[in-house]
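Listed below, chain by chain, are the residues.
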Amino acid sequence: MSNLVDQAKDLINVDRQNQYGSPVKNFKTIAEFWTSYLKSKFQFSGELNQNDVCQMMMLLKQSRLINNEDHKDSKVDMIGYLLIQEGICTGEFK
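Participant: I'm lost on the overall build of the protein chain in this one. Help?
Facilitator: Regarding its fold elements, the protein chain presents four helices and zero strands. When the helices and strands of the protein chain are read in sequence order from the N terminus, they spell out α-α-α-α. In terms of its C-alpha atoms, the protein chain occupies a principal-axis envelope of roughly 40 × 35 × 20 Å. In the protein chain, which comprises 94 residues, the proportion classed as buried is 28%. The contacts of the protein chain with a sequence gap of at least 6 include a subset with a gap of at least 24, amounting to 55%. In the protein chain, 11 positive and 12 negative side-chain charges are present, and the distance between their average locations comes to 5 Å.

Participant: How should I be thinking about the layout of surface pockets in this particular structure?
Facilitator: Empty space left among the atoms is revealed by rolling a probe the size of a water molecule over them. In this structure, the largest pocket occupies an estimated 310 Å³ of space. Along its surface, the largest pocket is lined by 17 residues, and Arg16, Tyr20, Phe27, Tyr81 and Ile84 are the ones closest to its centre. For the lining of the largest pocket, the elements supplying multiple residues, two or more each, are helix H1 (2-20), helix H2 (23-42), helix H3 (50-67) and helix H4 (72-90). When its residues are assigned to classes, the lining of the largest pocket shows eleven nonpolar, four polar and two charged.

Participant: So what exactly am I meant to see when it comes to the nonpolar core here?
Facilitator: For soluble globular proteins, the rule of thumb is that nonpolar side chains tend to be buried together. Of all hydrophobic cores here, the largest spans twelve residues; its members are Ile12, Phe27, Ala31, Leu48, Val53, Cys54, Met57, Met58, Tyr81, Ile84, Ile88 and Phe93. Secondary structure elements with two or more residues in this core: H2, H3 and H4. In terms of residue count, H3 provides more of this core than any other element does, four residues in total. Ignoring sequence-local partners within four residues, the contact set of Cys54 consists of Phe27, Tyr81, Ile84, Gln85 and Ile88.

Participant: Any chance you could explain the pattern of salt bridges here in plain terms?
Facilitator: Opposite charge on two side chains permits them to pair, given that their charged atoms come into close proximity. Here the structure, examined in full by the defined rule, presents four salt bridges. Linking Asp15 and Arg16 is a salt bridge whose minimum nitrogen-to-oxygen distance equals 2.2 Å. The partly exposed category is assigned to Asp15, whose relative accessible area is 30%. Across the salt bridge formed by Glu32 and Lys28, the nearest N and O atoms sit 2.7 Å from each other. Placement of the pair is Glu32 and Lys28 together in helix H2, with a separation of four residues, close to one helical turn. What makes Lys28 partly exposed here is its relative accessible area of 43%.

Participant: I would appreciate a short explanation of H1 in the present structure.
Facilitator: One turn of the α-helix equals 3.6 residues, which is why residues spaced by three or four share an orientation. Helix length check: H1 (19 residues) gives 25 Å between terminal C-alpha atoms against 27 Å at 1.5 Å per residue, within 8%. At Leu11, H1 shows its largest kink, close to 40°. Along H1, the positions that sit buried rather than exposed are Leu4, Ala8 and Ile12. Buried-residue contacts for H1 involve H4. Directly after H1, the chain includes Gly21, whose backbone phi takes a positive value near 80°.

Cut-off values and rules
Residues numbered from 1 in each chain as written. Predicted model: local features only at pLDDT ≥ 70, side-chain atom pairs only at ≥ 80, totals over all residues. Heavy atoms only, no water. Helix = DSSP H or I, 4+ residues; strand = E, 2+ residues; numbered from the N terminus. Buried < 20%, exposed > 50% of the residue type's maximum accessible area, 1.4 Å probe, protein only. Contact = heavy atoms within 4.5 Å. Lys, Arg positive; Asp, Glu negative; His and termini not counted. Charge placed at Lys NZ, Arg CZ, Asp CG, Glu CD. 1 Å grid on protein atoms, 1.4 Å probe; cavity = no way out; pocket = protein on both sides within 12 Å on 5 of 7 lines; lining within 4 Å. Points joined across faces, edges and corners; volume = space filled by probe spheres on them. Nonpolar A, V, L, I, M, F, W, Y, C, P; charged D, E, K, R; others polar. Core = buried A, V, L, I, M, F, W, Y, C linked by side-chain atoms within 4.5 Å. Salt bridge = Lys/Arg side-chain N within 4 Å of Asp/Glu carboxyl O. Expected span 1.5 Å × (residues − 1). Bend = angle between axes of the 7 residues up to and from the residue.

In short, the description is geometric, and any link to function would need to be established separately.
Written out as structure tokens, the structure reads:
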């Protein structure tokens with residue numbers, strides 16, 4: 001298990017930060033895009049935030065694991081989204 005966690009930490013703290021920048025800013029942008037889509041398509045009246053993005057991405061990975069419970073990348077990504085959510089909540093990510 002710690003190997004999966006270490007892999008997820010490496011991804012979110014190095015690889016993904018280099019590719020996409022700060023998770024706080026990136027997930028805020030995703031939340032804004034998804035909110036706009038939902039408002040346009042379904043007359044959604046709420047506002048999604050970075051935590052919603054983390055939760056929904058974990059649900060996506062969970063749905064993939066239902067079809068292939070041994071898929072290591074989905075497990076690593078799911079852990080990564082959980083770590084990102086924690087980092088956003090604690091202020092670790094700026």
